[in-house]
Amino acid sequence: MAAGGPGGLEEWSRRMANIDNSRFENAYADSIKHLFATMLASTVRVAPPAAHEPRKSRFDVSCVIGVSGEVTGLMVLGMDGLTARKLISRLAGAPMTLEHEDFIDAAGELANLIAGNAKGRFGIDGVSISCPSVIVNPGHMIFRPSGMRTVVIACESEDGPFSVEVTLQQSAAGAARKQPAASAAAR
Amino acid sequence: MKVMLVDDSKTMRNIQKNCLKPMGVEDFVEAQDGQDALSQVFAANPDLILLDWNMPILDGMGFLTAFRAKNKTTPVIMCTTEAEKHRIVDALRAGVNNYVVKPFTPDKLIEKIKQTMEKAGAPAAAATPA
């Protein structure tokens, strides 16, 4: 298969670059800021969504939430152990270690608050999110579905750095439903 | 005032308790899903219910439908990340008295509780900060 031919790497890159998921991806950035301004009562710097570099994505704690319906994919909240301990203690309002019996519940809730609030900012109905899965293991990696674009939202909080990685695509049914409205607007 | 907290996250129930304690609320009943809540609610007879939407086994709307079939008066506040307008309308039609979108500030939750209790005609002292 030629790199530039049909189905090749260049074509795939062009196709990925043309996908405009920015309103969904920006929803996660806004949701993170809102969470810190409300329940965490803390400051955070949120970088714009950027291209994901899989080799750089290694976490000690990650929380994965699936997205289904009109938009499909997943969100990964990833942290090093120290940031996770501090950030989750802040949410829980009590000191938390990675071994604490409530750590997994609190980590999952942190991810749920980000993903749930982001979903409300999508501006479309018919999107569901899954219960969170939490992985605790030093330096682990998360593999995503192939052929879907992933962006990373790098964040710097008072408790340390963390990232939210978003892999999303609008479902075929959702995109088709969007088409008539866009055409009507053009007229 | 006795408050029932229905949420599958213990962390969220603890956060809600920490918001309510400065109001003088000390009497809590906790449930981790709608089914668990239904098994306790009629015996516990709470003055207020804070209800999550997305929970395993039986979700908040499932609980609400079953609860409202037998009890039309106890105030219920839906406390959820579900923020879409149609969701809020669905919840209000099903019988919730108020709606709080997570994440919230303690002030916002307290304000909604006061608003709800006042409308329900509950004793003002029950919703006044200690």
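The following refers to the structure shown. (Residues numbered from 1 in each chain as written. Chains lettered and ligands numbered in written order. Predicted model: local features only at pLDDT ≥ 70, side-chain atom pairs only at ≥ 80, totals over all residues. Heavy atoms only, no water.)

All names here are of chain A. Membership of the largest hydrophobic core comes to 64 residues, with the highest contact counts inside it found for Y28, I32, L77, F162 and V164. When residues in this core are grouped by element, the largest group, 9 residues, is from helix α4 (residues 103-120). Apart from residues no more than four positions distant in its own chain, I32 is found in contact with V44, V46, I114, I153, C155, F162 and V164. (Core = buried A, V, L, I, M, F, W, Y, C linked by side-chain atoms within 4.5 Å. Buried < 20%, exposed > 50% of the residue type's maximum accessible area, 1.4 Å probe, protein only. Helix = DSSP H or I, 4+ residues; strand = E, 2+ residues; numbered from the N terminus. Contact = heavy atoms within 4.5 Å.)

In this model, K102(B) is joined to P103(B) through a cis peptide bond whose omega is -5°. In this structure, P103(B) sits in the loop between β5 (98-101) and α5 (106-120). In this structure, A41(A) takes a positive phi of about 40° despite not being glycine. You can see A41(A) is positioned in the loop between α2 (22-37) and β1 (44-46). A relative accessible area of 64% means that A41(A) is categorised as exposed. Phi at N45(B) takes a positive value of approximately 50°, unusual for a residue other than glycine. Assignment of secondary structure puts N45(B) in the loop between α2 (34-44) and β3 (48-51).

Now for the interface of chain B and chain A. Tallying the contact residues gives 17 residues for chain B and 19 residues for chain A. Both faces considered, chain B and chain A share a buried interface measuring about 1,600 Å² in area, 54% of it formed by carbon and sulfur atoms. The three residues of chain B that bury the most area against chain A are T11(B), T81(B) and P103(B), which together make up 35% of that side's buried surface. A salt bridge links K119(A) to E84(B); the shortest N-O distance between them is 3.0 Å. At the boundary of chain B with chain A, the tally comes to 9 residue pairs in polar contact (both at pLDDT 80 or more). (Buried area = accessible area lost by both parts, 1.4 Å probe. Salt bridge = Lys/Arg side-chain N within 4 Å of Asp/Glu carboxyl O. Polar contact = N/O pair within 3.5 Å; in protein donor to acceptor, adjacent residues only side chain to side chain.)

Our focus in this paragraph is the pattern of salt bridges. Residues and elements named next belong to chain A. Tallied over the entire structure, the rule returns 12 salt bridges over all chains. A salt bridge links R90 to E158; the nearest nitrogen and oxygen atoms lie 3.6 Å apart. In this pair, R90 is assigned in helix α3 (residues 81-92) and E158 in the loop between β7 (150-157) and β8 (160-170), connecting sequence segments 68 residues apart. On the accessibility criterion, R90 (27% relative accessible area) is partly exposed. By relative accessible area, which is 48% here, E158 ends up partly exposed.

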